[in-house]
Amino acid sequence: MDYEKARERMVHHQIRGRGVDDPRLLEAMQRVRRERFVDEQFRSLAYRDGPIPIGHGQTISQPYVVALMTIALEVKPGDRILEVGTGSGYQAAVLAEMEAKVFTIERHDDLANRARQVLEENGYGNLRVISGDGSKGLPEEAPFDGILVTAAGPTIPTPLLEQLSPGSHLVIPIEEKPGRQKLTRITRRTDGRYDRSDLGDVAFVPLIGEEGWEEGHESYWQ
Ligand code: SAH
């Protein structure tokens, strides 16, 4: 299989074809070898227009959703970005290709270890993968110039709001009613207040942790 070609087609049809035209993002997505971030058995599906299982009941997000979230963050070179929910490491690699300094947290040690290894093998050695509950953020490295949460919680975690630098965004799916998630963007204004906007309906795995759902919510969700 010609992954390079599959990647070009994915960027052309799924991303640019849906109106995303930021050249930095398109180039970043053209560079990240998505097939490396999924299990051997799913490699041939790496560029399909949807999520793919990565183990532990979790998924690597649909490429278009990765694009939408990255655009919403407004990443600039050198920005310090926190991602909550490393999963496969793919989203973190896209952020790194956009020249962000990336911190990414994963609650499943096994996924964190796998992502750390794949990222290192693919030349993303400068980003930090941390094992733990990211719903509380990463206070010791705050503030961040953007925070991206790739799992859906019931409410907006207050610690994440506090860890945003002025002018930056938190992008997070919020499950307001069972089965109904809204991708939400919160902007910390320079006057200290927050603006909120709705970026549309999405379907993410649950955010499990102190500021998310209780353990066991996964079985409810599935
Ligand atoms: N961004 C990922 C998609 C990951 S799916 C990618 O590019 O592949 C969401 C991930 O969030 C899962 O791996 C899940 O284990 C993790 N997660 C859920 N709650 C979490 C929490 N409180 N802290 C850190 N990771 C969490």
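Coordinates for the structure precede this section.
Now for a quick tour of the structure. (Residues numbered from 1 in each chain as written. Predicted model: local features only at pLDDT ≥ 70, side-chain atom pairs only at ≥ 80, totals over all residues. Heavy atoms only, no water.)

Looking at the site of the ligand
Line of reasoning, step 1. The full set close to the ligand counts 27 residues, and E83, S88, E106, G134 and I208 are the nearest of them.
Line of reasoning, step 2. In the environment of the ligand, a nitrogen atom lies 2.8 Å from a nitrogen or oxygen atom belonging to the side chain of E83.
Line of reasoning, step 3. Calculation on the ligand without its partners gives an accessible area of 580 Å², and the protein chains cover 99% of this total.
Line of reasoning, step 4. Residue contributions to the shell around the ligand peak at three residues, all from strand β2 (residues 58-60).
Line of reasoning, step 5. Residues that form the shell around the ligand fall into these classes: ten nonpolar, 13 polar and four charged. (Near = heavy atom within 4 Å. Polar contact = N/O pair within 3.5 Å; in protein donor to acceptor, adjacent residues only side chain to side chain. Areas by Shrake-Rupley, 256 points an atom, 1.4 Å probe, with all protein chains shown as cover. Helix = DSSP H or I, 4+ residues; strand = E, 2+ residues; numbered from the N terminus. Nonpolar A, V, L, I, M, F, W, Y, C, P; charged D, E, K, R; others polar.)

Quick look at the pairing of strand β4 (residues 101-106)
Line of reasoning, step 1. With five of six residues buried, β4 lies mostly within the body of the structure.
Line of reasoning, step 2. Bridge count between strand β3 (residues 80-84) and β4: five bridges; the pairing is parallel. By the bridge assignment for β4, R80 is matched with K101.
Line of reasoning, step 3. Following the chain from β3 across helix α4 (residues 90-97) to the adjacent parallel β4, one finds a crossover that is right-handed.
Line of reasoning, step 4. Bridge count for β4 against strand β5 (residues 128-131) is four bridges, and the pairing is parallel. Bridge pairing in β5 places E106 opposite S131.
Line of reasoning, step 5. In this view, the connection linking β4 to its parallel neighbour β5 by way of helix α5 (residues 109-121) has right-handed handedness. (Buried < 20%, exposed > 50% of the residue type's maximum accessible area, 1.4 Å probe, protein only. Pairing = 2+ DSSP bridges. Right-handed = clockwise from strand over helix to strand, strands pointing away.)

A few points about α4
Line of reasoning, step 1. Taking burial as the measure, the eight residues of α4 include eight buried ones, the bulk of the element.
Line of reasoning, step 2. Along α4, the positions that sit buried rather than exposed are Y90, Q91, A92, A93, V94, L95, A96 and E97.
Line of reasoning, step 3. Of the residues one or two after α4, E99 is the one with positive phi, at around 65°.

With respect to the pairing of strand β8 (residues 180-188)
Line of reasoning, step 1. Extensive coverage of β8 is indicated by the burial of seven of its nine residues.
Line of reasoning, step 2. Counting the residues that bridge the hairpin from strand β7 (residues 164-177) to β8 gives two residues, and of these G179 lies at a positive phi of roughly 80°.
Line of reasoning, step 3. Sheet topology note: the β8/strand β9 (residues 194-202) ladder contains seven bridges and is antiparallel. Pairing of T184 across the sheet is with D198, part of β9.
Line of reasoning, step 4. Hairpin connection from β8 to β9: five residues lie between these consecutive antiparallel strands, with G192 at a positive phi of about 90°.

Description of unusual backbone geometry
The phi angle of most residues is negative, glycine excepted, and most peptide bonds adopt the trans form.
Line of reasoning, step 1. Residue A142 is joined to P143 through a cis peptide bond whose omega torsion reads 5°.
Line of reasoning, step 2. Structurally, the position occupied by P143 is in the loop between β5 and β6 (144-149).
Line of reasoning, step 3. The backbone phi angle of H56 is positive, close to 55°, even though this residue is not glycine.
Line of reasoning, step 4. With respect to the helices and strands, the residue H56 is situated in the loop between β1 (52-55) and β2.
Line of reasoning, step 5. Since its relative accessible area comes to 41%, H56 is described here as partly exposed.
Line of reasoning, step 6. Even without being a glycine, E99 presents a positive backbone phi close to 65°.
Line of reasoning, step 7. When you line up the elements, E99 lands in the loop between α4 and β4.

Focus on the nonpolar core
Line of reasoning, step 1. Ranked by internal contacts, the top residues of the largest apolar core, which has 50 residues, are M29, F37 and Y90.
Line of reasoning, step 2. Contributions of two or more residues to this core are made by α1 (3-15), α2 (23-31), β1, α3 (63-73), α4 and α5.
Line of reasoning, step 3. The contact partners of F37, leaving out residues within four places of it in the chain, are V32, I54, I60, S88, G89, Y90, A93, V118, L119 and Y124.
Line of reasoning, step 4. With 20 residues, the next largest nonpolar core counts I130, I156, L160 and V205 among its residues. (Core = buried A, V, L, I, M, F, W, Y, C linked by side-chain atoms within 4.5 Å. Contact = heavy atoms within 4.5 Å.)

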